[in-house]
Each structure stands twice: as structure tokens, then as C-alpha cells.
Amino acid sequence: MAYIVDMRSDTVTKPTKAMKQAMINSAVGDDVYQEDPTVNALESKIATLLGKQAALFVPSGTMSNLIAIMVHCNKRGSEVIVGELSHIFRYEVGGATHLAGVMLSNIPNKADGTFDLNVLERRIRGSDIHEPITSLVTIENTHNVCGGKALPLQWVDELAELCKKHKIPIHLDGARLFNACEYLQQSPARVARDCDSVSVCFSKGLAAPVGSALVGSYHFIEHARRVRKMLGGGMRQAGVLAAAALVALHEAVPRLAMDHKRARILAKVIDGLSLPSFRVDLENLHTNLVLVHIPEASPLRAAQVVERLAQVSLAETQGDCKTAKDEGVIVKVIQFNSKTIRLTLHLDITDEDLWLAIMKITYVFKEMDAAAN
Ligand SMILES: Cc1ncc(COP(=O)(O)O)c(C=O)c1O
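Since we're looking at a predicted model, the values are computed, not measured.

### Topic: the pairing of strand β12 (residues 340–344)
Working step 1: Along β12, five of the five residues are buried, which leaves the element largely enclosed by surrounding structure.
Working step 2: In β12, alternate side chains face the same way, and those of Thr340, Arg342 and Thr344 on one face and Ile341 and Leu343 on the other are all buried.
Working step 3: Across five bridges, the pairing between strand β9 (residues 289–293) and β12 is antiparallel. Across the sheet, Leu291 pairs through a bridge with Arg342, a residue of β12.
Working step 4: Two strands pair when backbone bridges link them, and strand β11 (residues 334–337) and β12 are joined in this way by three bridges, in the antiparallel orientation. Across the sheet, residue Asn337 finds its bridge partner in β12, namely Thr340.
Working step 5: Counting the residues in the hairpin turn of β11 and β12 gives two residues.

As C-alpha cells, this is what we get:
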């Protein structure tokens, strides 16, 4: 069987030994009664880390974002302004509209994950009886579709000023907030400072098996707890999961720098190949997500590249790659759009995996580029 290097996402990571041990030994109770000591410890720790009053452990980032929207937009006729490339708008199954009954109003994202604040201000509504009421603005940090970019702090500061002026809260989808902190060399409390609520995921770069936290004021979290129950997210002895998340905070956060370093090595190799069919934006690579773009003019499509990287040709087991692994190497990646693939560095990618992936990617990219040109 071919050796697999799975670079589809940082969600594919398996719990570490220390996480499993902590899960076995965790003290638990019924968390719906707020009697699970491990969940309580996790909520208190993450709230402190983010400089907020309280936190709520939830099953997923999607539920966390949805709860935040439901709490901020508890008035009918509300709208949320989101970036058109945001996870909330693109990948959360329209839950905000379907389940929360709010309108999502999207504005163009710039390549760095921000949006134009003048455009935002013009889109704020509610003074006219015919209009929905803008009740929330959401941002994403790091920005997934923009290639794991950390939002510039100054932009967030300016956004906060604008939202304050219009009395509109900000929700931060910080599924990869700790990656942003590592890149910016700032504390989570600083990066989240001006956001009224924040969602952070333990199951992405932090490698815990399950769970996210929604963080905000006491009042906000009190309301969020009821909404979580309504959505069926009230978990009972959830301490077994919170235990892994606590280890993740301790063990995986300091390691994120390594993922960023390996992402840079991989991107540099691809860039160094100088193949017209495959481009990386090395200058704007911030964290653990490497986007590879295929120029519009090329006949190649991202789906073909994903498929080819998942195959082992006869030549690979007999030729140059044979020395790496007898049965060949498969690199799993995902297609972001018809001309972009994403490669993700994470805790389960070792130096050897990176090296094998580089060999395979080099081989396949050269082969495909030669065939396309
Ligand atoms: C930026 C962002 N927000 C939210 C989510 C949703 O997280 P979950 O898969 O835990 O629902 C993801 C998932 O990848 C994400 O990338």
C-alpha cells in the first residue's frame, strides 16, 4: 500500500498520546448542569487567554459561529455583514439564514482577508423602515480561503472604531486564531481585544479530536448556553473531550510555529521549481495553509492535480521516487476552486512526511507542467 501524507486539512490530526491519557484520566460530570470540572476548567482557561469574561465549550466551529449569530441577532429582521469568502458565508450550509433566520449580507473580501471599511459603512442599514437591521459584523482570523492570512491588527482596530460608532458588535471566527497570534507575535487577548465574541477551534491546528469554544461577556455566554441547548449541543460528560482540548492548548499552541516553518519550506520548493503551471504567493504566506494557483491560461484544472497526487504511477515505484517508499507516496490535498489547491501543514506531518510530500509534489508538478505546455 502506498504511503499517505494527508495535507487536506489540519482537521485530520489524531489526538496525541498526552491527549488520550488526559481523556482517560479526566474528571467528569454533567455539563448541562455545569458540573463537569474539566469543561469548567477549559472554559475558564480559554476565557482568560482571550481576555474575556466567560466561555462555552461547543461541539464544532460551525455551531459556535451559529450560536454567536443567534445571540447577537435575537431581533427578527436582523442582518449580518460577512465577507463573501468567509467560512460563515461559504461553508456553514446557510445555517445563519435557515436556523437563525437572519439575512447574510456579503461584501467583497480583499486578498488579505479584510474588506473595505468604506464599503462596510455604506452597507450598514436599519434607520429606514424598509430595511433589515444590521446587527453584527463578522471577521475571520486567520482567513481560510485567503490562504491562512492573519488580519492586520491596524485594520481590526479601525473596524472596531467604525462598529463602535454604529453600535454594532463584532464576532470573530477564530477557528485558527492561535495561528494568527503566532504569525503576528501577539497574545490572543490582544488579537481578540475589540471583538465582542470569538469562536476558537481546538480541533484544527491544535489537534484535539473535537470541540470549539465561544468566548465573550458573562451575559453573552449565559444566553449562548441556552441557544447551545436549543441546538442540541448540550453535551453531558464532555470532560473527556475538554481534557484533550486543555492538552492541546498546552502542547500544540507552542508547536504552531513549526507548522508555519514547514509550510514555508514547502512553498519555497514549489516556488523554486519555477513551473508556469503552478504558482505560490510566497510573500504573503503567513501560516500553515499553502495555496497553489494554476494560471487561468493553463488548461490544467485543480481537480486533475488533486487526483494525480492521489495516484501512484508505475514509473514512480520504479523510477526516481522508488527510493522514498517502495509502494510509492500519495499526497492528499483539497481543491479550493477550479484553479487552486490547498496544502495544509499540521501536527501529524513529520519532517519525513514533508520530505516525501516534497518529492511527490515535485515529481507530479513537473510531469503535469510538461504535459500542459
Ligand atoms: C475558518 C473556519 N471557521 C469555522 C470552521 C468550522 O469548524 P467545524 O468544522 O468545527 O464546524 C472551519 C472549518 O474548517 C473554518 O476553517
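### Examining the UniProt feature "modified residue: N6-(pyridoxal phosphate)lysine" (unreviewed entry) in the chain
Working step 1: The UniProt record marks Lys204 with the feature "modified residue: N6-(pyridoxal phosphate)lysine" (unreviewed entry), using the residue numbering of this structure.
Working step 2: Looking at where Lys204 falls in the secondary structure, it is placed in the loop between β7 (197–201) and β8 (212–216).
Working step 3: Exposure remark for Lys204: the relative accessible area of 15% places this residue in the buried category.
Working step 4: Non-local contacts of Lys204, meaning those with residues more than four positions away in its chain, are made with Asp10, Thr11, Thr13, Ala175 and Arg176.

### Concerning helix α7 (residues 153–165)
Each turn of an α-helix holds 3.6 residues, which means side chains three or four residues apart point in the same direction.
Working step 1: An ideal rise of 1.5 Å per residue puts 18 Å on 13 residues; α7 measures up with 19 Å between its terminal C-alpha atoms.
Working step 2: When α7 is considered as a whole, its buried residues turn out to be Leu153, Trp155, Val156, Leu159, Ala160, Leu162 and Cys163.
Working step 3: Looking at the buried residues of α7, the elements they touch are α6 (117–123), β5 (133–140), β6 (170–174), α8 (177–184) and α9 (188–191).
Working step 4: Once α7 ends, the next one or two residues include Lys167, with phi positive near 55°.

### Overview of unusual backbone geometry
Backbone phi values are negative for most residues with the exception of glycine, while trans is the configuration of most peptide bonds.
Working step 1: The amide bond that connects Asn141 to the next residue, Thr142, takes the cis arrangement and shows omega of -5°.
Working step 2: Unusually for a residue other than glycine, Val93 sits at a positive phi of about 60°.
Working step 3: Residue placement: Val93 occurs in the loop between α4 (87–90) and α5 (95–98).
Working step 4: Phi at Lys167 is positive, roughly 55°, even though this residue is not glycine.

So, how was this worked out
- Residues numbered from 1 in each chain as written.
- Predicted model: local features only at pLDDT ≥ 70, side-chain atom pairs only at ≥ 80, totals over all residues.
- Heavy atoms only, no water.
- Buried < 20%, exposed > 50% of the residue type's maximum accessible area, 1.4 Å probe, protein only.
- Helix = DSSP H or I, 4+ residues; strand = E, 2+ residues; numbered from the N terminus.
- Pairing = 2+ DSSP bridges.
- UniProt positions renumbered as here; feature names shortened; annotations may be inferred.
- Contact = heavy atoms within 4.5 Å.
- Expected span 1.5 Å × (residues − 1).

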